[in-house]
Amino acid sequence: MVDSALARPHTTVVLAMSADGKIADVRRSPARFGSAADKAHLEKQVAQADAVLFGAGTLRAYGTTLRVSHSELLEMRSQQGKPAQPVQIVCSRSGKFDPNLRFFAQPVPRWLLTITLGAKVWQERAEFERILVAEAPEVPEQTLDWEQAFQQLATLGIRRLAVLGGGEVVASLMALDLIDELWLTVCPLILGGAIAPSPVQGLGFSAESAPRLELLSAEANGPEVFLHYRLQR
């Protein structure tokens, strides 16, 4: 559904993290510590979305994106009148990433969310089907305007959005109250490290201003725990 008050997509963050709340190690290596059950869970969430959003750092770390491949999920999307794959949206102010990444050869629709500077890098190329520019008016060509971006997504028919990282993207959206739900998979390992990224990076919140969550479900599956939260408003 589209939030009529804000004219924006319903937004769900989907992340796997270590037991100490890290989404990658201190080297920011790709987080491949989730089980097959976690990957299946992620694919299910992706299949329910009209679009998937992730930052340039996530793209650089993995080089690919998760496509919907399970036959039942593909059939579900078909019955709902959706294309086989959700739109894959990379957000980056600079637009600087390698066009030779495997991501650009995957059979998925690709959009770029950026500012004027990043758009210039890709305007004459064919890698992205659509380039969205959303700049904050007070600091043009420097800051991405997320509220404007989400309004554009809603206008383009994106009703359900899955956010797959990284922590800076999630922090920006959380600070603007643009997140509705979170799915967090707690994996049985400790990564540690003061600079290892967490699900929500940024400046952080005080205890008084911290967003509050309502637990919708908690399910143990083998050594992992799947937590589903809704933002309290």
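Residues numbered from 1 in each chain as written. Predicted model: local features only at pLDDT ≥ 70, side-chain atom pairs only at ≥ 80, totals over all residues. Heavy atoms only, no water.

Participant: Can you lay out the pattern of salt bridges for me, pointing to particular residues and giving the numbers?
Facilitator: According to the stated counting rule, one finds seven salt bridges in the structure shown. We note a salt bridge from Asp25 to Arg27, for which the minimum N-O separation is 3.6 Å. Overall, the relative accessible area of 18% leaves Asp25 in the buried class. One connected set of salt bridges, linked through shared partners, spans Arg8, Asp177, Asp180 and Arg233. (Salt bridge = Lys/Arg side-chain N within 4 Å of Asp/Glu carboxyl O. Buried < 20%, exposed > 50% of the residue type's maximum accessible area, 1.4 Å probe, protein only.)

Participant: Residue-level account of the pairing of strand E5 (residues 110-114), with values.
Facilitator: Burial of E5 is extensive: five of the five residues sit out of reach of the surface. Side chains Arg110, Leu112 and Thr114 of E5 all project onto a buried face; the interleaved residues Trp111 and Leu113 project onto the opposite face, where all are buried too. Note: strand E4 (residues 87-91) against E5, four bridges, orientation parallel. Residue pairing for E5: Val90 is matched across the bridge by Leu112. (Helix = DSSP H or I, 4+ residues; strand = E, 2+ residues; numbered from the N terminus. Pairing = 2+ DSSP bridges.)

Participant: For the environment of Ser198, give the residues involved together with the corresponding values.
Facilitator: Its place among the elements puts Ser198 in the loop between strand E8 (181-187) and strand E9 (213-221). Residues Ser198 and Lys22, spaced 176 residues apart in sequence, show a C-alpha to C-alpha distance of 4.5 Å.

Participant: Go over helix H1 (residues 36-47) with me, naming the residues and quoting the values.
Facilitator: The α-helix winds at 3.6 residues per turn, so residues separated by three or four positions along the chain end up facing the same way. In this model, H1 (12 residues) spans 16 Å end to end at C-alpha, consistent with the 16 Å of a helix rising 1.5 Å per residue. Asp38, His41, Glu43, Gln45, Val46 and Ala47 are the residues of H1 that are buried. In this structure, the buried residues of H1 make contact with strand E2 (8-18), strand E3 (51-55), helix H3 (71-79), E8 and strand E10 (224-231). Capping of H1 at its N-terminal end is provided by Ser35; its side-chain oxygen lies 3.2 Å from the backbone amide nitrogen of Ala37. (Expected span 1.5 Å × (residues − 1). Contact = heavy atoms within 4.5 Å. Polar contact = N/O pair within 3.5 Å; in protein donor to acceptor, adjacent residues only side chain to side chain.)

Participant: Give a detailed account of the environment of Ala175, specifying residues and quantitative values.
Facilitator: Mapped onto the elements, Ala175 comes out in helix H6 (residues 167-175). Along the primary structure Ala175 and Leu215 are separated by 40 residues, whereas in three dimensions their C-alpha atoms are 20 Å apart.

Participant: Let's hear about the confidence of the model for the protein: which residues, and what values?
Facilitator: Counting all residues, the mean pLDDT for the protein is 94, and 96% of those residues have values of 70 or more. Per-residue pLDDT stays below 50 along residues 1-5; that stretch engages in 11 contacts with residues further than four places along the chain or on separate chains. (pLDDT = per-residue confidence, 0-100.)

Participant: Describe the packing of aromatic side chains, and please don't skip the residues or the numbers.
Facilitator: Going through the model one piece at a time under the given rule, you end up with nine aromatic pairs. Taking the centre distance of 5.9 Å and the plane angle of 85° together, the rings of Phe54 and Phe103 count as edge-to-face. With Phe54 in strand E3 and Phe103 in the loop between E4 and E5, the pair connects residues that are 49 residues apart, well separated along the chain. Considered together, Phe54 and Phe103 belong to a single accessibility category, that of buried residues. Geometrically, the ring pair formed by Phe97 and Trp122 is stacked, given 5.3 Å between the ring centres and 25° between the ring planes. Of this pair, Phe97 sits in the loop between E4 and E5 while Trp122 is found in helix H4 (residues 116-122), placing the two residues 25 residues apart along the sequence. Like Trp122, Phe97 is buried. Here the aromatic cluster, defined as three or more aromatic residues joined through ring pairs, consists of Phe54, Phe97, Phe103, Phe104, Trp122 and Phe128. (Phe/Tyr/Trp six-rings, centres within 6.5 Å; stacked < 30°, edge-to-face > 60°.)

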